[in-house]
Each structure stands twice: as C-alpha cells, then as structure tokens.
Amino acid sequence: MAETLPKAQVTLGFHSPASSVTVADDTERADAIQSEKIEENATKIPELDASFHPYNFSKQKKWTITVIACFFTLLVSAATTSFTSGYPSMMRDLNLTYTQAVVGLSTYVLAFAITPLFTSAFSEEFGRQPLYVVSVVVFLLMHVMIALAPNIAVIAVARIIQGAVGSTGSTMVAGTIADIWEPKQRGLPMALYSILAFGGNGVGTIAAGWIEANPKLEWKWIQWISMMVAGCYSVVFAFTMRETRAPVLQAKMIKRKAREARAKGDLQLPTAAVPKSSFKELLWISCTRPLILLTTEPIVTAMSVWLAFAWGVFYCMIGSLHGFSSGQIGTVNVSMIVAVLIGYLTTLLQEKIYSKKFHKRSVEARLYMCCAAGIGFPVSVFMFAWFCRPGIHWMLLCFAITIYYWSIFTIYLAVFTYLADCYTTYASSALAGQSMLRNVLGGVFPFFTVKMYDKLGYTWSNTIFACLALLLAPIPFIIFFMGPRIRKHSARCIHD
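Residues numbered from 1 in each chain as written. Predicted model: local features only at pLDDT ≥ 70, side-chain atom pairs only at ≥ 80, totals over all residues. Heavy atoms only, no water.

Chemist: What is the right way to read the overall build of the protein from this model?
Modeler: Each helix and strand counted, the protein has 19 helices and zero strands in total. Intrachain contacts of the protein at a sequence separation of at least 6 include 82% that bridge at least 24 residues. Of the roughly 20900 Å² of accessible surface on the protein, a fraction of 68% belongs to carbon and sulfur atoms. (Helix = DSSP H or I, 4+ residues; strand = E, 2+ residues; numbered from the N terminus. Contact = heavy atoms within 4.5 Å. Areas by Shrake-Rupley, 256 points an atom, 1.4 Å probe, with all protein chains shown as cover.)

In structure tokens:
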C-alpha cells in the first residue's frame with residue numbers, strides 16, 4: 001500500500017467534469033488492442049518524435065491549451081444557468097407558462113447527460129481538435145438560433161443541440177489535460193478545470209441576471225451577448241488550440257513520412273493499419289459499460305444516486321429564488337463563486353488528510369470531507385427553505401446557498417476521486433455512469449417541482465428536499481466504514 005500512495009495523490013488530487021467524463025481508461029485499453037492487431041506485413045511504426053510529444057510541449061504552450069480548453073467549460077457551464085435568468089421576459093414575449101420555459105433548461109441538461117456516451121470515443125479515434133472545432137462553432141451558432149426563436153419548440157431544439165455539443169467539448173477537457181501534463185503535474189490544471197466548471201454556474205446567473213433586469217435587453221440579449229463572448233473565444237481558439245492526442249499526432253507523422261518515402265520511390269512505407277472493428281468495440285464499451293457499472297456495482301449506484309439527487313435539487317433551487325429582481329438574483333448567486341473557492345481550499349485540506357490516513361483507511365480516506373459535506377447538504381437546504389421568505393435578511397439566504405454549493409462541490413470531487421481510486425481500469429466508465437444519472441435527474445427535477453412549488457409553496461417544498469437529503473446523508477458514512485467489505489465482493493473494485 002505504501003508504494004501506491006504517491007501515485008494516487010498526484011493523479012487524482014483534483015478532477016471535475018462539470019457534467020460528464022471521457023472514457024480515457026477504456027480507450028487506453030482500446031489503443032493497446034489496436035497496437036496488437038497491426039498488420040503483420042507492415043513495417044515498424046516510427047515512434048513520435050520526442051519534441052512533438054504533447055508531454056514535451058513548452059510550459060507556455062501547455063498552459064495556453066489548458067486555459068483555452070477550460071474556458072470552454074466555463075462557457076458551457078454559464079449557458080446552463082444564464083438561460084434561466086431570462087425566464088420572465090421570455091415567458092412574456094413568447095406567451096409561455098413556467099413549465100414550458102423550463103423545457104429549455106431540461107433539454108440542455110438531458111442532452112448533456114446522454115451525448116458523451118456516444119461521442120467520447122470519437123475524440124480517441126479522430127483526435128480532440130476536430131471535435132473541439134465542431135463543438136465551439138455549433139455552440140456559438142445555437143445562441144443565435146435561440147435569440148431568433150419564435151417559439152419554445154425552436155428554443156428546445158437549439159438547446160438540445162447546444163447541450164450536445166457543449167458536453168462533447170467540455171468532457172474532452174480532462175482528456176486534453178491528461179494528454180499534455182504528466183500525472184505529477186496535473187493538480188493545478190485540474191483544479192482550474194474544477195473551479196471554472198462549477199464557478200461558471202455562478203458567472204452565468206450574475207451576468208444574465210442584470211442583462212434581464214434591463215428592459216432594453218432581456219432574454220434575447222442574454223443570448224446575443226453570450227454569442228459575442230463565444231465569438232471572441234472562437235477567434236482566440238482558432239489561433240491557439242492544437243491537437244494533443246499522441247496517437248493522432250503519431251498517425252499524422254506516419255502519413256507525412258509515408259508521403260516522403262513515396263516521393264523517394266521507397267516501397268517500404270511506414271503504416272499504422274488498424275482493424276476496422278476496433279472503433280466499433282470502443283464505441284460499444286463507451287455506451288454500455290457505464291450503464292452496467294451503474295446498475296450492478298453498489299458503490300457506484302449509491303454514490304451516483306446521492307450526488308444525482310443533490311444535483312437535481314440545485315436546478316430546483318435556481319428556480320425557487322423569489323422576492324428579488326432579476327439582477328438581485330444574479331448578485332445573490334455570487335455565493336456560488338465564493339463556495340467554489342472555499343471548496344477548493346477544502347480539497348487541499350482533504351488531500352492532506354488523505355496522505356495521513358491512507359495507510360489506515362485505504363481509499364476510503366478520500367471521504368472525510370465528503371462526510372462533512374453530507375451533513376452540510378441537508379442542513380443548507382433546510383436553511384434555504386426557511387430563509388427564502390419575506391422578512392428574512394438576504395445575507396442569511398446567501399449563507400445557506402454558500403454552504404449548499406460548497407457541499408455539492410466537495411461531494412462531487414470526493415465521489416470523483418473515490419470512484420477513480422476504487423475502479424482504476426474501469427474508473428472512466430464508473431464516472432460516466434455517475435455523470436449520466438446526475439445530469440438526467442438535473443434535467444428531470446425542474447419539471448415535477450413546478451407543480452410542487454405551486455401546491456406546497458417554496459418553503460415546504462424545499463423542506464421535503466431537505467428531509468430526503470437527510471435520509472441520504474448516511475451513504476458516505478456507510479461507505480466510509482464498510483467500503484472495504486463492499487469492495488471485497490466486487491470483481492471490478494480494488495481489494496485491500
């Protein structure tokens with residue numbers, strides 16, 4: 001156990017995909033399969049020149065690629081919540097009910113949940129760059145489509161497409177970071193990714209809230225301004241983003257050398273013949289294995305249900321802020337950004353605890369702060385339920401939101417790193433299953449809670465959420481104490 005501790009620390013200190021996870025571990029296995037199936041009569045494949053390997057990019061180039069990739073995650077995350085800020089004027093202009101307006105949020109989140117299961121394999125086969133380009137361009141164009149939409153049906157279609165390409169682009173960021181940074185160097189880049197992914201929700205509501213509050217701007221200009229920001233980003237992206245996947249760079253190098261050899265009349269052409277079935281196998285794995293782990297592994301199921309419920313409550317809480325103007329609601333959500341920064345500091349503390357307790361608790365040492373957040377989650381929802389009323393000072397509401405979002409941030413990172421530690425080879429599939437369930441519930445929750453809020457009111461509806469959160473609170477404690485016993489009965493988990 002002592003020999004495995006440093007590796008776990010440096011590779012799994014900070015992870016977040018705001019929404020979904022690529023199948024990096026599974027695709028590495030597919031890469032190995034492909035290399036074993038190279039045609040027997042092919043000449044030896046030349047190795048990628050060291051100077052061109054992504055690990056050997058200059059530090060400036062690495063950070064440029066990292067920041068540009070992570071910023072797209074910020075845009076995608078902000079687009080989730082900025083749309084909700086435009087509800088009032090959009091409902092008025094398009095003659096919508098609140099339930100109809102929520103369709104734009106739910107379709108975005110549902111598309112975000114499902115699409116990576118099908119598209120994650122494409123980045124491994126064709127490279128990151130082509131998918132980034134498509135994602136950025138289509139994501140930008142969907143802002144235009146929404147702004148010009150004459151009805152909610154057009155908006156729903158645009159949001160589905162935007163969520164799909166947004167998830168495809170943002171889920172590749174973790175893979176991009178893994179491409180260019182060695183394991184011991186990934187801590188800070190992944191921390192930046194986590195902060196922007198979660199902080200984007202706060203940025204979206206803050207900016208869009210004040211745009212909505214201006215009667216000359218409102219919901220259409222939320223989209224136009226978002227499009228302008230995305231347009232500026234796309235220009236920078238075009239000049240700075242580069243392909244980072246080593247096998248794809250190697251394939252390009254082989255093609256170049258083959259052209260050079262052909263020009264010289266050399267009949268021994270370097271080749272990298274890959275069987276056609278390999279991509280199908282990879283696609284099948286990325287689509288089915290997350291569902292298998294989600295439904296057959298108790299640890300994955302329990303953690304995923306708990307985090308998915310917390311995520312669903314988040315989207316309901318966004319819509320239950322009332323008694324403020326649109327701009328004030330945006331300002332209240334500054335609490336999200338504060339919570340993310342506190343969450344980052346909490347993660348640093350958790351890493352120190354993990355280092356000290358690993359030899360005693362094994363991988364369950366990842367869950368100390370998660371247990372604390374498990375208590376903070378129901379407490380903060382109770383506070384939100386009873387502070388979100390007339391006569392209660394708004395600072396108390398901000399305090400409740402800060403604790404809540406800190407809890408979600410801490411729970412998410414703990415679940416991510418714990419599942420990655422537990423399932424090693426199958427980690428990406430376990431995390432993809434967790435991410436899918438989390439975003440599906442995030443998309444579904446706002447629908448049924450509309451009637452719930454109408455019948456019970458905000459206070460009692462959120463109190464019900466708090467009670468359910470309290471019932472789920474023992475989950476991290478049960479896994480903390482019984483995790484080794486549960487893992488012992490799993491064929492896919494590591495065993496102590």
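Moving on, there is more to tell.
Chemist: Mind showing me how you'd approach the nonpolar core here?
Modeler: In a soluble, globular protein the nonpolar side chains are often hidden away together inside. If you look at the biggest cluster of nonpolar residues, it comprises 117 residues, and the most contacted ones within it are Met90, Ile155, Phe198, Met303, Val313, Phe377 and Phe465. Once you skip the residues sitting within four places of it in the chain, phenylalanine 465 turns out to touch Phe309, Val313, Cys316, Val381, Phe445, Thr449, Met452 and Tyr453. (Core = buried A, V, L, I, M, F, W, Y, C linked by side-chain atoms within 4.5 Å. Buried < 20%, exposed > 50% of the residue type's maximum accessible area, 1.4 Å probe, protein only.)

Chemist: Hey, could you run me through the packing of aromatic side chains in this one?
Modeler: The way to describe two aromatic rings as a pair is by their centre distance and the angle between their planes. Following the criterion strictly, the structure yields 26 aromatic pairs and no others. Residues phenylalanine 198 and tryptophan 311 carry aromatic rings whose centres are separated by 5.8 Å and whose planes lie at 85 degrees to one another, so their mutual orientation is edge-to-face. Residue phenylalanine 198 is found in helix α9 (residues 187-213), and its partner tryptophan 311 is found in helix α13 (residues 298-320); the two are separated by 113 residues along the sequence. The class of tryptophan 311 is buried, set by a relative accessible area of 3%. Considering the side-chain rings of phenylalanine 445 and phenylalanine 465, the 6.1 Å spacing of their centres and the 20 degrees angle between planes classify their relative orientation as stacked. Comparing phenylalanine 445 with phenylalanine 465, the two get one shared label, buried. Grouping aromatic residues by their ring pairs yields a cluster made of Phe198, Trp311, Phe314, Tyr405, Phe409, Tyr412 and Phe416. (Phe/Tyr/Trp six-rings, centres within 6.5 Å; stacked < 30°, edge-to-face > 60°.)

Chemist: Looking at this structure, how should I read the environment of alanine 427?
Modeler: Mapping alanine 427 onto the fold places it in helix α18 (residues 427-472). Residue class for alanine 427 comes out buried when judged on its relative accessible area of 5%. The sequence separation of alanine 427 and phenylalanine 416 amounts to 11 residues, and the corresponding C-alpha distance is 9.0 Å.

Chemist: Would you take a moment to explain unusual backbone geometry for this structure?
Modeler: Leaving glycine out, the prevailing phi sign among residues is negative, and the prevailing peptide bond configuration is trans. Phi at asparagine 95 takes a positive value of approximately 55 degrees, unusual for a residue other than glycine. Tracing the backbone shows asparagine 95 in the loop between α4 (87-94) and α5 (98-114). Backbone geometry places glutamate 218, a non-glycine residue, at a positive phi of 60 degrees. Tracing the backbone through its elements, the reader meets glutamate 218 in helix α10 (residues 218-240).

Chemist: Help me out: how do you make sense of a nonpolar patch on the surface in this one?
Modeler: Side chains of Leu456, Trp460, Ile464, Leu468 and Leu471 sit close together on the surface and give an oily, nonpolar patch of about 510 Å² of accessible area. By secondary structure assignment, the location of leucine 456 is in helix α18. (Patch = residues over 30% accessible without salt bridge, like charges linked within 9 Å, V, L, I, M, F, W, Y side chains within 5 Å. Salt bridge = Lys/Arg side-chain N within 4 Å of Asp/Glu carboxyl O.)

Chemist: Help me out: how do you make sense of the pattern of salt bridges in this one?
Modeler: Any two side chains of opposite charge can pair, given that their charged atoms come close. In total, this model carries seven salt bridges according to the counting rule given. For the salt bridge of arginine 92 with aspartate 93, the shortest nitrogen-to-oxygen distance reads 2.9 Å. Across the pair arginine 128 and aspartate 179 runs a salt bridge, and its minimum N-O distance is 2.8 Å. Taken as a pair, arginine 128 in helix α7 (residues 128-147) and aspartate 179 in helix α8 (residues 152-180) lie far apart in primary sequence, 51 residues in all. Aspartate 179 carries the same exposure label as arginine 128, and that label is buried.

Chemist: What is the right way to read the confidence of the model for the protein from this model?
Modeler: The pLDDT averaged across the protein works out to 81; a share of 83% of its residues lies at or above 70. Ranking the elements of the protein by mean pLDDT puts helix α1 (residues 5-11) last, at 34, and α10 first, at 94. Note on residues 1-45: pLDDT is under 50 here. Beyond four places in sequence and across chains, it has 120 contacts. Low pLDDT (under 50) marks residues 273-277, which in the prediction has six contacts with non-local residues, meaning those over four places away or in another chain. (pLDDT = per-residue confidence, 0-100.)

Chemist: Sorry if this is basic, but what is going on with helix α15 (residues 334-361) here?
Modeler: Within α15, the axis deviates most sharply at serine 355, by approximately 45 degrees. For α15, the full list of buried residues reads Ser335, Met336, Ala339, Val340, Gly343, Thr346, Thr347, Gln350, Glu351, Tyr354 and Phe358. Of the residues trailing α15, serine 362 is marked for its positive phi of about 60 degrees. (Bend = angle between axes of the 7 residues up to and from the residue.)

Chemist: Please explain the environment of isoleucine 285 as it appears in this structure.
Modeler: With respect to the helices and strands, the residue isoleucine 285 is situated in helix α12 (residues 277-296). What makes isoleucine 285 buried here is its relative accessible area of 7%.

Chemist: How should the packing of α4 against α5 be read in this particular structure?
Modeler: For any two helices packed against each other, one specifies the crossing angle of their axes together with the interaxial distance. Put simply, α4 and α5 touch, their axes get as near as 10 Å, and they point 120 degrees apart. The angle between α4 and α5 places the two elements in the oblique class. In the packing of α4 onto α5, the handedness of the crossing is right-handed. Of the residues in α5, those touching α4 at Tyr87, Met90 and Met91 are Tyr98, Ala101, Val102 and Leu105. (Axes fitted to C-alpha atoms, helices over the stretch in contact; angles between N-to-C directions. Parallel < 35°, antiparallel > 145°, perpendicular 65-115°, else oblique. Left-handed = near helix turned anticlockwise from the far one by under 90°.)

Chemist: Can you help me understand the side chain of glutamate 297 in this one?
Modeler: With respect to the secondary-structure elements, glutamate 297 resides in the loop between α12 and α13. Among the residues examined, glutamate 297 registers a relative accessible area of 5% and is labelled buried. Polar side-chain contacts of glutamate 297 include one of 2.7 Å to the side chain of serine 490. Those residues in contact with glutamate 297 that lie beyond four places of it in its chain are Ile292, Tyr423, Ser490, Arg492 and Cys493. (Polar contact = N/O pair within 3.5 Å; in protein donor to acceptor, adjacent residues only side chain to side chain.)

Chemist: Is there a simple way to think about α18 in this case?
Modeler: Note: α-helices contain 3.6 residues per turn, so residues at a spacing of three or four share the same orientation. For α18, which comprises 46 residues, the first-to-last C-alpha distance of 23 Å sits more than 12% below the rise-based estimate of 68 Å (1.5 Å per residue). Along its length, α18 shows its largest kink, about 115 degrees, at glycine 457. (Expected span 1.5 Å × (residues − 1).)

Chemist: For this particular structure, what's the right way to read the side chain of threonine 107?
Modeler: Here threonine 107 is to be found in helix α5. Setting aside its immediate chain neighbours within four residues, threonine 107 contacts Ala156, Arg159 and Ile160.

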